[in-house]
Amino acid sequence: MELSSIPDAFQSALRLSVLSAVMMGEKSFRELKRITGATDGNLGAQIRKLEEQGYLVCEKTFSARKPLTTVSLTPFGREQFREYVELLERIIKEATK
Amino acid sequence: MTDPKDTLKSATEDLALIRNTMDRSRYHFDFLSTVFLIYGAVMLAGEILAHILSVCGVRDNAPGFFIVGYLPYVFVFLLFVFYFVMRRKFIKSETLYSLHLYDVWGVVLFFLPFLSLCFSLSRFFVPGTEKVENVGVIGILFCIKTLLFLFAALITLLFTAIALRDTPLLLIALICLSLFLFVLFWGFFVGYPRTIDFFYGELITRTQFLERAVYLLYVVLGLYLKIRKYK
């Protein structure tokens, strides 16, 4: 990944937060809401975008008869996230040389 | 063209955001560390009290017998109620994966004291402990109980290590220690002579020692998870 070609997924703080949270393991919608502090509508829209771009997978199940949406990272999403963190570290390293 | 200073600022902010979010996304061990700590401390205190009462010679008196035999179970029951209430709260926000983890810990922590209570009550249903064959049966029950305790400790540690992801050395050391004790006691269980002297001597001493070691392990685990939270 290069500075000139950073994907859209990493250009919003909320999308970056969602990806960082899901990097630690699958999360429920409520968990993501607690972690990011975003509203239902905004969070839902960002998750949908990331899902369309192939970064996330959403699964709808039931827990104690209540609907539960779980979000997890795809292998593509994990790889892209790793590359983005490497790019950030490279920028900081080069600037502090 | 983007200003390098802006690029650096933006990169630093993004990395800070990633770190903060990842920190907030870790499993919350606060509640579980309290459960481990209280459980281990109460059961260990019960064992120490039993030893003191035994030394004073009042362990088998009516109040002494109740305190030693059943009071720890009352505490465990109260702890179970606390665990159950907290679990109901978790259903609303946690993932199925973390809920399953909580369930495994719950089974390990609370099913075993229940099993232990059943074993101690079983003595009333095996009359005549002066007979060699009956002592043999009770001895086997004692050994199975201790093996289950060690196995449960092993499972608890393994699941904690999996949930922590960055498995620390302390947990690896505790896992190795419990595995070693389990294998050692298994060997002892297979080959021990089923005699009255051996039962009232070495077998009881060994099972008591191992149970205390397991309770201490839960205290260490609870303390470790609490300290880790503030790091």
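Summary of the structure given here. Please read these numbers as outputs of a predicted model, since none were measured by experiment. (Residues numbered from 1 in each chain as written. Chains lettered and ligands numbered in written order. Predicted model: local features only at pLDDT ≥ 70, side-chain atom pairs only at ≥ 80, totals over all residues. Heavy atoms only, no water.)

Section: the overall build of chain B
No. 1: Within chain B, the regular secondary structure consists of eight helices and zero strands.
No. 2: Scored against the burial criterion, the 231 residues of chain B give a buried share of 43%.
No. 3: In chain B, of all internal contacts separated by at least 6 residues, the share reaching a separation of at least 24 is 79%. (Helix = DSSP H or I, 4+ residues; strand = E, 2+ residues; numbered from the N terminus. Buried < 20%, exposed > 50% of the residue type's maximum accessible area, 1.4 Å probe, protein only. Contact = heavy atoms within 4.5 Å.)

Some details on a nonpolar patch on the surface
No. 1: On the surface, L71, V74, F75, F77, L78, F80, V81, F84 and V85 of chain B cluster together to form a nonpolar patch covering roughly 810 Å² of accessible area.
No. 2: Considering the arrangement of structural elements, one finds L78 of chain B in helix α4 (residues 71–91). (Patch = residues over 30% accessible without salt bridge, like charges linked within 9 Å, V, L, I, M, F, W, Y side chains within 5 Å. Areas by Shrake-Rupley, 256 points an atom, 1.4 Å probe, with all protein chains shown as cover. Salt bridge = Lys/Arg side-chain N within 4 Å of Asp/Glu carboxyl O.)

Considerations on the side chain of T74 of chain A
No. 1: Locating T74 of chain A in the fold gives a position in the loop between β3 (66–73) and α4 (75–95).
No. 2: The residues contacting T74 of chain A, other than those within four sequence positions of it, are G54, Y55, L56 and V57 of chain A.

Quick word on the nonpolar core
No. 1: Counting residues in each nonpolar core, the largest one holds 50 residues, and the members touching the most others are F31, F36, Y39, W105 and Y218 of chain B.
No. 2: When residues of this core are traced back to their parent elements, those giving at least two are α2 (30–56), α4, α5 (96–122), α6 (132–164), α7 (169–191) and α8 (196–230) of chain B.
No. 3: Among the elements that make up this core, the one with the highest residue count is α6 of chain B (eleven residues).
No. 4: Counting residues in hydrophobic clusters, the runner-up holds 30 residues, among them L19, L50, Y55 and V71 of chain A. (Core = buried A, V, L, I, M, F, W, Y, C linked by side-chain atoms within 4.5 Å.)

What about the packing of aromatic side chains?
No. 1: Considering all chains together, one arrives at eleven aromatic pairs over all chains under this definition.
No. 2: Joined through ring pairs, the aromatic side chains of F36, Y39, W105, F149, Y215 and Y218 of chain B make up one cluster. (Phe/Tyr/Trp six-rings, centres within 6.5 Å; stacked < 30°, edge-to-face > 60°.)

Digging into α2 of chain B
No. 1: For α2 of chain B, which comprises 27 residues, the first-to-last C-alpha distance of 39 Å matches the rise-based estimate of 39 Å (1.5 Å per residue) to within 8%.
No. 2: Phi turns positive, to about 80°, at G57 of chain B, one or two residues after α2 of chain B. (Expected span 1.5 Å × (residues − 1).)

A word on the packing of helix α1 (residues 13–23) of chain A against helix α2 (residues 29–36) of chain A
Residue and element names in this part refer to chain A.
No. 1: Running from amino to carboxyl end, α1 crosses α2 at an angle of 120°, the nearest separation of the two axes being 10 Å. Between α1 and α2, the crossing angle belongs to the class labelled oblique. Remark: the crossing between α1 and α2 carries right-handed chirality. Touching L14, S17, V18, A21 and V22 of α1 are L32, I35 and T36, all from α2.
No. 2: Here the contact of α1 with α2 is built from residues that sort into six nonpolar, two polar and no charged. (Axes fitted to C-alpha atoms, helices over the stretch in contact; angles between N-to-C directions. Parallel < 35°, antiparallel > 145°, perpendicular 65-115°, else oblique. Left-handed = near helix turned anticlockwise from the far one by under 90°. Nonpolar A, V, L, I, M, F, W, Y, C, P; charged D, E, K, R; others polar.)

A closer look at the pattern of salt bridges
Residue and element names in this part refer to chain A.
No. 1: Counted according to the given criterion, the structure contains eight salt bridges over all chains.
No. 2: Ionic pairing is found between E2 and R90, a salt bridge with its closest N-O pair at 4.0 Å. Separated by 88 residues along the polypeptide, E2 in the segment before α1 and R90 in helix α4 bring together distant segments of the chain.
No. 3: Look at R90 and you get partly exposed, because its relative accessible area is 34%.
No. 4: Two residues, D40 and K33, come together in a salt bridge whose shortest N-O distance is 3.0 Å.
No. 5: Several salt bridges share partner residues, and in doing so they unite E79, R82 and E86 into one network.

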